[in-house]
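# Descriptive structure summary
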Amino acid sequence: MKGSVIHGLIAEFEDPTALVTATERAHGEGYRCMDAYSPFPIEELHHALGSKHTKLPLIVLIGGLIGCIGGYALQYWSSVIAYPLNIGGKPLHSWPAFIPVTFECTILAAALSCVLGMLALNGLPMPYHPVFNLPRFALASRNRFFLCIEATDPKFDLEATRRFLETLSPREVSTVAD
């Protein structure tokens, strides 16, 4: 590992209860930049990690509003400004006729912003992650549970964090290199 940049320290646990307990203790000790890996979803783990609220609803709202305004503006521009046609004495700006297309543009833009926002907020696509360098990490998809405290954490100190992780009774503590 000489010459390589440290991504963090990872501890391997036997069962989900040990992982959740270790994550709660790490959060209680002040570690904030950490991630947990499990072969199946664990409801308590989300809360133990101290996960923050996401900005995705705001991104979807802004995308929907842009779609709504854009769809309505396009219809208004084409019907009133670019190509005005008086058909049957109806007004050029007949807003009830604009509602279906405006609604569909709102839904389309909101859905696209949801997908793209989710990918951006999750940092995807990510074909490579440093934890894949550990040979034992392959067990994370079978029967092992991992807690990684990242080196970007303000409280991270290689030796102190290693000692702390060893107090959590893990099966093994490993260094993750970038």
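Here's what I pulled together on the structure shown here. (Residues numbered from 1 in each chain as written. Predicted model: local features only at pLDDT ≥ 70, side-chain atom pairs only at ≥ 80, totals over all residues. Heavy atoms only, no water.)

When helices and strands are tallied, the protein shows five helices and four strands. Over its C-alpha atoms the protein spans a radius of gyration of 25 Å, topping by over 25% the 16 Å that the globule rule assigns to 178 residues. Burial statistics for the protein: of 178 residues in total, 33% are counted as buried. Restricting to contacts in the protein with at least 6 residues of sequence separation, those with at least 24 account for 78%. (Helix = DSSP H or I, 4+ residues; strand = E, 2+ residues; numbered from the N terminus. Rg over C-alpha atoms; globule rule 2.2 N^0.38 Å. Buried < 20%, exposed > 50% of the residue type's maximum accessible area, 1.4 Å probe, protein only. Contact = heavy atoms within 4.5 Å.)

For the rest of this paragraph, the subject is the packing of aromatic side chains. Scanning the entire structure with this criterion turns up six aromatic pairs. Between Tyr72 and Phe98 the ring centres are 5.4 Å apart and the planes differ by 75°, which places this aromatic pair in the edge-to-face class. With Tyr72 in helix 3 (residues 56-82) and Phe98 in helix 4 (residues 95-121), this pair connects stretches of sequence that are 26 residues apart. Note on Tyr72: relative accessible area 28%, which makes it partly exposed. Owing to a relative accessible area of 5%, Phe98 belongs among the buried residues under this scheme. Between Phe132 and Phe137, the aromatic rings sit 5.9 Å apart at their centres with planes inclined by 55°, giving tilted as the arrangement. Taken together, the ring pairs in this structure connect Tyr37, Phe132, Phe137 and Phe146 into an aromatic cluster. (Phe/Tyr/Trp six-rings, centres within 6.5 Å; stacked < 30°, edge-to-face > 60°.)

Counted at 1.5 Å a residue, the expected span for helix 3 with its 27 residues is 39 Å, and the 36 Å between its end C-alpha atoms agrees. For helix 3, the set of buried residues is Leu56, Gly63, Gly64, Gly67, Gly71, Gln75 and Val80. Looking at the buried residues of helix 3, the elements they touch are helix 4. (Expected span 1.5 Å × (residues − 1).)

Once that is clear, we can look at the packing of helix 3 against helix 4. Viewed as axis vectors pointing N to C, helix 3 and helix 4 meet at an angle of 145°, and their least axial separation amounts to 6 Å. Considering how the two elements wind past one another, helix 3 and helix 4 form a crossing that is right-handed. Classifying every residue of the contact of helix 3 with helix 4 by side-chain character gives 16 nonpolar, 10 polar and no charged. (Axes fitted to C-alpha atoms, helices over the stretch in contact; angles between N-to-C directions. Left-handed = near helix turned anticlockwise from the far one by under 90°. Nonpolar A, V, L, I, M, F, W, Y, C, P; charged D, E, K, R; others polar.)

Below, the discussion takes up the pattern of salt bridges. Throughout the structure, instances matching the rule amount to seven salt bridges. A salt bridge links Arg136 to Glu12, with the shortest nitrogen-to-oxygen separation between them at 2.7 Å. Residue Arg136 is located in the loop between helix 4 and strand 3 (145-150), and its partner Glu12 is located in strand 1 (residues 6-13); the two are separated by 124 residues in the primary sequence. Arg136 sits in the partly exposed class, given a relative accessible area of 28%. (Salt bridge = Lys/Arg side-chain N within 4 Å of Asp/Glu carboxyl O.)

Further remarks concern the sheet that holds strand 2 (residues 34-37). Within a sheet, neighbouring strands are paired by backbone hydrogen bonds and run either parallel or antiparallel to one another. An order of 2-3-1-4 is seen for the four strands of this open sheet, with the pairing classed as antiparallel. Strand pairing shows two members of the sheet lacking a second neighbour, strand 2 and strand 4 (172-177), which therefore form its edges. When the angles between neighbouring strand axes are averaged without regard to direction, this sheet yields 20°. Two strands pair when backbone bridges link them, and strand 1 and strand 4 are joined in this way by six bridges, in the antiparallel orientation. Looking at the pairing, Ile6 lines up with Ala177 of strand 4. This element, helix 1 (residues 16-28), spans strand 1, strand 2 and strand 3 of the sheet and lies at about 15° to strand 3. In this fold helix 5 (residues 158-166) packs onto strand 1, strand 3 and strand 4, with an angle of close to 10° to the strand it touches most, strand 1. (Pairing = 2+ DSSP bridges.)

Everything listed here is a matter of coordinates, which is why it stays silent on function.
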